[in-house]
Amino acid sequence: MISFHHDILPLKDKLFRLALRITLNPAEAEDVVQETMIKIWNRRNSWDTIDNIE
């Protein structure tokens, strides 16, 4: 079972680094991470279909 706190939240720093490389703007990268985390949370009912979280 996937846990937001233990499985998904730790990926936020990795996601931020990726978003920063793409946007070249820390504020935009933070926005991307926040929007992504919200989308992931809103789709929590389908997490059991995920094979690889990363």
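In what follows, the structure referred to is the one given above.
Rules used throughout
Residues numbered from 1 in each chain as written. Predicted model: local features only at pLDDT ≥ 70, side-chain atom pairs only at ≥ 80, totals over all residues. Heavy atoms only, no water. Salt bridge = Lys/Arg side-chain N within 4 Å of Asp/Glu carboxyl O. Buried < 20%, exposed > 50% of the residue type's maximum accessible area, 1.4 Å probe, protein only. Helix = DSSP H or I, 4+ residues; strand = E, 2+ residues; numbered from the N terminus.

Here's the deal with the pattern of salt bridges
Right, so step 1: Under the definition given, this model contains two salt bridges.
Right, so step 2: One salt bridge connects Asp13 with Lys12, and the closest N-O pair in it is separated by 3.9 Å.
Right, so step 3: A relative accessible area of 46% places Asp13 in the partly exposed class.
Right, so step 4: Across the pair Lys14 and Glu54 runs a salt bridge, and its minimum N-O distance is 2.4 Å. One end of the pair, Lys14, is in helix 2 (residues 12-23); the other, Glu54, is in the segment after helix 3 (26-42), and 40 residues separate them in sequence.
Right, so step 5: On the basis of relative accessibility, which here comes to 44%, the residue Lys14 falls in the partly exposed class.

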